[in-house]
Amino acid sequence: MSGTRSQGGVRNGAAGEGSSASASGAGRTQKSVLREVREVQLAIELIELGARLQFLEAEVDLSRERLIRLYKELKGVSPPKGLLPFSTDWYMTWLANIHSSMFYNMYQFMLTHADESGLQALIKSYRLYSEQIESQGGEIVLDFTRAYTMVRFFDSDMLQLSTCCRCGGRFVAHAHDSKNGYVCVLCRPPSRAGKVRGAKRAAAGASSETALQKPASPADNTEVAPIEQGLQTALP
């Protein structure tokens, strides 16, 4: 009888261990499913913002095949191929510098005051930048890939923010450039600022008189006006 009780105890113990292992496995499976759902949601958000496949592979814990399939389902086309931007010179041109400076000031605000992580700060600041430009009727110049690349350039000490001695705004500049007497592209725009885009609008059907009319000041330029309004809130 004692042997029977002993065998029963062993069977009960084994059953208990089995149920415990099953519960533990179910918990791991549930966590794995939830994590995968979060990764898919993150991938969808990044693809909608315009992230390239290289960026998705670096930031999202999904296989390349799944990312490509997800990209095709959302965009209807295959992910674009080619290298990511690798030069800082693009951010120094007139209009690109204005948009880049607006975005990076928003990004720094998210990091400093909103207590956001690097990726979430990037996503939210880019959404804010896009909404600000679109609300003023402007054209988005800085795409998500260039915004992400610019953040990496700052982290690598290749770019810096320089304070304009006239307006006090902080603008993107090459790292280690002198900050003394720096004048931003809004306070001292180039002579042909906005003329190329004006010509393109004229070719698209706008009247040449309106499209090629030289503005009296940077504030009157249709390319600059909505940007300056955005910079009033973005730049300290």
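Residues numbered from 1 in each chain as written. Predicted model: local features only at pLDDT ≥ 70, side-chain atom pairs only at ≥ 80, totals over all residues. Heavy atoms only, no water.

## Some thoughts on the overall build of the chain
Which entries qualify depends on this criterion: The helix count covers DSSP runs of H or I at least four residues long, the strand count covers runs of E at least two residues long, and both are numbered beginning at the N terminus. Type-normalised accessible area, obtained with a 1.4 Å probe on protein chains alone, sets the label of each residue: buried when under 20%, exposed when over 50%, and partly exposed for intermediate values. Whether two residues touch is decided by their heavy atoms; if any such pair falls within 4.5 Å, the residues are in contact. Computed with a 1.4 Å probe, the accessible areas rest on the Shrake-Rupley method; for each residue, only the protein chains presented here act as cover.
For the chain, the count of helices and strands is 9 helices and 2 strands. Along the chain, helices (α) and strands (β) appear in the sequence α-α-α-α-α-α-β-β-α-α-α when read from the amino end. Across the 236 residues that make up the chain, the buried fraction comes to 36%. Of the contacts made within the chain by residues no fewer than 6 positions apart, 55% connect residues no fewer than 24 positions apart. In the form shown here, the chain has an accessible surface area of approximately 13900 Å², with 51% of it arising from carbon and sulfur atoms.

## A short note on the environment of Tyr71
Turning to its location among the elements, Tyr71 is positioned in helix H3 (residues 64-75). Each C-alpha atom of the pair Tyr71 and Leu53 lies 8.5 Å from the other, and the pair is 18 residues apart in sequence. Here Tyr71 is in contact with Ile47, Ala51, Leu56, Gly76, Val77, Ser78, Pro79 and Pro80, once residues within four sequence places are set aside.

## Section: the nonpolar core
Our working definition: Residues belong to a common nonpolar core when they are buried Ala, Val, Leu, Ile, Met, Phe, Trp, Tyr or Cys residues joined through side-chain atoms within 4.5 Å.
Judged by nonpolar contacts, the single largest core of 50 residues is most densely connected at Leu46, Phe103, Leu122, Tyr129 and Met150. Of all elements in the fold, only helix H1 (2-49), helix H2 (53-59), H3, helix H4 (94-113), helix H5 (118-135), helix H6 (144-155), strand S1 (159-163) and strand S2 (170-174) reach the threshold of two or more residues within this core. Considering every element that reaches this core, the biggest residue donor is H4, with 9 residues. Apart from the residues lying within four places of it in its own chain, the contact partners of Met150 are Tyr91, Ser100, Phe103, Tyr104, Leu142, Leu159 and Val172.

## Points about the environment of Trp94
Tracing the chain through its elements places Trp94 in helix H4. A relative accessible area of 11% means that Trp94 is categorised as buried. Separated by 95 residues in sequence, Trp94 and Pro189 have C-alpha atoms that sit 7.0 Å apart.

## Observations regarding the packing of aromatic side chains
Filter applied, for reference: Whether two aromatic rings pair depends on their centres lying within 6.5 Å, for rings of Phe, Tyr and Trp, where Trp uses its six-membered ring; planes under 30 degrees apart make the pair stacked, over 60 edge-to-face, and the rest tilted. The rule is short: NZ of Lys or CZ of Arg within 6 Å of the ring centre and within 35 degrees of the ring normal puts a charge over the ring.
Scanning the model with the defined rule gives 11 aromatic pairs in all. Ring centres 5.6 Å apart and planes at 45° place the aromatic pair Tyr126 and Tyr129 in the tilted group. Placement of both Tyr126 and Tyr129 in helix H5 is noted, with a separation of 3 residues, approximately one turn of the helix. Taken together, a centroid distance of 5.4 Å and an interplanar angle of 85° make the contact between Tyr126 and Phe144 edge-to-face. Of this pair, Tyr126 sits in helix H5 while Phe144 sits in helix H6; the two residues are 18 residues apart in sequence, bridging distant segments of the chain. The two residues Tyr126 and Phe144 agree in class, both being buried. One aromatic cluster in this structure is built from Phe55, Phe103, Tyr104, Tyr107, Tyr126, Tyr129, Phe144, Tyr148 and Phe154. Above the face of the Trp90 ring, Arg146 is positioned so that its terminal group lies 4.3 Å from the ring centre.

## Some details on the confidence of the model for the chain
Detailed conclusions should not be drawn from predicted coordinates in areas where pLDDT is low. Here is the rule: pLDDT: the predictor's confidence for each residue, scored from 0 to 100.
Of all residues in the chain, 68% have pLDDT values of 70 or greater, and the mean over the chain is 79. This model gives residues 202-219 a pLDDT under 50, and the stretch forms 16 contacts once residues within four places in sequence are excluded.

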